[in-house]
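# Chain and residue survey
Read off the chains here:
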Amino acid sequence: MEVNFWNPEVETMERSQLEALQLKRLQAVIGYALKTPFYQKRLSRAGISRPEDVRSLQELQKIPFTVKDDLRQNFPAGLLAVDMEEVVRIHSSSGTTGVPTVIYLTAEDLNSWTDLLARSIITTGCCRKDIFQNMMSYGLFTGGLGLHYGAERVGMTVIPVGGGNTQRQVQLMRDFKTTVVHVTPSYLLHIHTRLAEFGVKASDLHLRRAFLGAEPYSENTRLKLQELYGIDAYNSYGLSEMNGPSVAFECVYKKDMHLWEDAYIVEIIDPATGQILPDGQKGEVVLTNLVRHAMPLMRYRTRDLAFLHTEPCPCGRTHRRLSRIQGRTDDMLIINGVNVFPSQIEEVIMAIPEVGTNYMIHLTSAGALDKLIVKVEIYSKMFTGDLNSLDALKGKIRDRLRASITINPHIELHEPGSLPVFEGKAKHVVDNREKL
Ligand code: AMP
Ligand code: ZN
């Protein structure tokens, strides 16, 4: 397989050198953090009043975690470490889980972020000849402008269409022979259900790759998309607090995502105790941004659950790989006392060939018990009027889910295109249980 590098020296750096670079950058970040009252207080309590007070990477552990609430409480500018006139860009998180938070970037920060995205793009095998259609929404959300700048730096032809308007997306893909898209997996699934309406087959398109991110999805969803479009789909992970996409990206081997360790320090912790877990164990991802000075964030608890791979990657990059996000500490559902992550449900249903491209998880109360209803779209060829085969399919989906999550779900089958469509981040769970 052909492996291309954007910055070969950094991407294949030996571990000891990489750690030396991390330490140097960490000290610089501490210098900036000390300019904010928030971190000044926290760092001084940890015995750090100058950058040199942190002499090794291990000493990072003296610094307390930063959580989303710290950002909210210091909104809008309590974590700003430079003069406002140094700031060239503001981004904001989507605010789906409460009050939005804000992120500031200097020109140098923007340059570092763009460079990481150019690196990520080249890592997937794309090049300047590609026609890149960015279907992520532009604006305060980081998926639009972030990848846009990265793609331009690579020299790709960028179509900055943003999210939504499926007919136009398809038209643009045809007119300009788009080869790469950046999109949420749920929206790319949806586009597929609409192709026939526009008289287009997936094979009429010139798509070769997709960057998929911004929301949790299963390996089976990736496989489904690869098959439906005949493409290679790469996982991309990031969050606005850490700039946005650019934290971790898959290489051509697609063995999970290289986390760019020259730019981020990653720790995996036990979310209950805060203890650091060894590589390979699943826990909460904690990140420290090493290349943003306008707004340093140290040991930020992402709430995302994942693990780090230990074995080397055949591509030769030395940066450790982050697993697919397995859920969030705050999206776990407790159904009749059993812990279930929505991702477990998706993994099972997307492996069933008759299941189409969309699903919803509903929770209601039935007396003292919780009722789990899984609604799945199935391909129209399944609606032949043969009720027995539909019943058999329902039974199959129910049995496979029960085997995985130990709860007996109620299954509803729906026609393609009938469940809610999300052009940005999908919300597959509706919890209408009565709160006691
Ligand atoms: P935002 O800050 O609005 O960009 O949202 C970031 C969050 O989106 C992350 O903390 C994850 O929960 C989720 N996310 C982003 N990329 C992925 C991905 N590739 N897989 C799973 N979840 C993701
Ligand atoms: Zn690799």
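Definitions and cut-offs
- Residues numbered from 1 in each chain as written.
- Chains lettered and ligands numbered in written order.
- Predicted model: local features only at pLDDT ≥ 70, side-chain atom pairs only at ≥ 80, totals over all residues.
- Heavy atoms only, no water.
- Pairing = 2+ DSSP bridges.
- Helix = DSSP H or I, 4+ residues; strand = E, 2+ residues; numbered from the N terminus.
- Axes fitted to C-alpha atoms, helices over the stretch in contact; angles between N-to-C directions.
- Donors = N, O, S within 2.8 Å, 3.2 Å for Na, K, Ca; no water.
- Tetrahedral: all angles 85-135°; square planar, octahedral: opposite > 155°, others 65-115°.
- Buried < 20%, exposed > 50% of the residue type's maximum accessible area, 1.4 Å probe, protein only.
- Domains from an automatic or database assignment.
- Contact = heavy atoms within 4.5 Å.
- Buried area = accessible area lost by both parts, 1.4 Å probe.
- Salt bridge = Lys/Arg side-chain N within 4 Å of Asp/Glu carboxyl O.
- Nonpolar A, V, L, I, M, F, W, Y, C, P; charged D, E, K, R; others polar.
- Phe/Tyr/Trp six-rings, centres within 6.5 Å; stacked < 30°, edge-to-face > 60°.
- Lys NZ or Arg CZ within 6 Å of the ring centre and 35° of its normal.

The next point concerns the sheet that holds strand S20 (residues 410-414). In space, the four strands of this open sheet follow the order S20-S19-S18-S21, with mixed pairing throughout. Where the open sheet ends on each side, the last strands, each with one partner, are S20 and strand S21 (429-431). This sheet shows a mean twist of 20 degrees between the axes of neighbouring strands, independent of strand direction. Sheet topology note: the strand S18 (residues 355-366)/S21 ladder contains three bridges and is parallel.

In this section: the coordination of the zinc ion (ligand 2). Bound to the zinc ion (ligand 2) are the protein donor atoms Cys251 (SG), His258 (NE2), Cys313 (SG) and Cys315 (SG), situated 2.1 to 2.3 Å from the metal. Geometry at the zinc ion (ligand 2) is tetrahedral, judged from the four donor atoms that bind it and their angles of 100 to 117 degrees at the metal. Donor residues for the zinc ion (ligand 2), ordered by position in the chain, follow C-x6-H-x54-C-x1-C. Pair noted here: histidine 258 is in strand S9 (residues 257-259) and cysteine 313 is in the loop between strand S13 (308-309) and strand S14 (321-322), with a separation of 55 residues, a long-range link. In terms of burial, histidine 258 and cysteine 313 fall into one category: buried.

Here four strands make up an open sheet; going across it, the order is S10-S11-S12-S15 and the pairing antiparallel. Sheet topology places strand S10 (264-269) and strand S15 (327-328) at the edges, where each strand pairs with a single neighbour. Sheet topology note: the S10/strand S11 (residues 283-289) ladder contains six bridges and is antiparallel. Note that in S11 the partner of tyrosine 264 across the bridge is asparagine 289.

Further remarks concern the domain arrangement of the protein. What the domain assignment reports for the protein is domain 1 (1-328) and domain 2 (333-431). Each of domain 1 and domain 2 has a C-alpha centre, and the two are 30 Å apart. Residue-level contacts link 24 residues of domain 1 with 18 residues of domain 2. Summing the contributions of domain 1 and of domain 2, the shared interface buries around 1700 Å²; its carbon and sulfur component is 53%. On the surface where domain 1 and domain 2 come into contact, there are zero salt bridges. Listed by contribution, the elements that provide at least two residues to the side of domain 1 that touches domain 2 are helix H8 (185-194), helix H9 (219-229) and S15. Looking at the side of domain 1 that touches domain 2 residue by residue, the classes come out as eight nonpolar, twelve polar and four charged.

Under the counting rule described, the total for this entry stands at three aromatic pairs. Their ring planes at 75 degrees and their centres at 4.8 Å tell us that phenylalanine 38 and tyrosine 39 sit as a pair that is edge-to-face. Its relative accessible area of 12% is what places phenylalanine 38 among the buried residues. Judged by relative accessible area, tyrosine 39 falls into the buried class, the value being 0%. Taking the centre distance of 5.4 Å and the plane angle of 80 degrees together, the rings of phenylalanine 211 and phenylalanine 249 count as edge-to-face. Here the residue phenylalanine 211 occupies a position in strand S6 (residues 209-213), and phenylalanine 249 occupies one in strand S8 (residues 244-250), the gap between them amounting to 38 residues. When sorted by exposure, phenylalanine 211 lands in the same class as phenylalanine 249, which is buried. One aromatic cluster is present, built from ring pairs that chain together Phe132, Phe211 and Phe249. Over the ring of tryptophan 260 we find arginine 119; its NZ or CZ atom is 4.8 Å from the centre of that ring. Taking NZ or CZ as reference, arginine 324 lies 4.6 Å from the ring centre of tyrosine 217, over its face.

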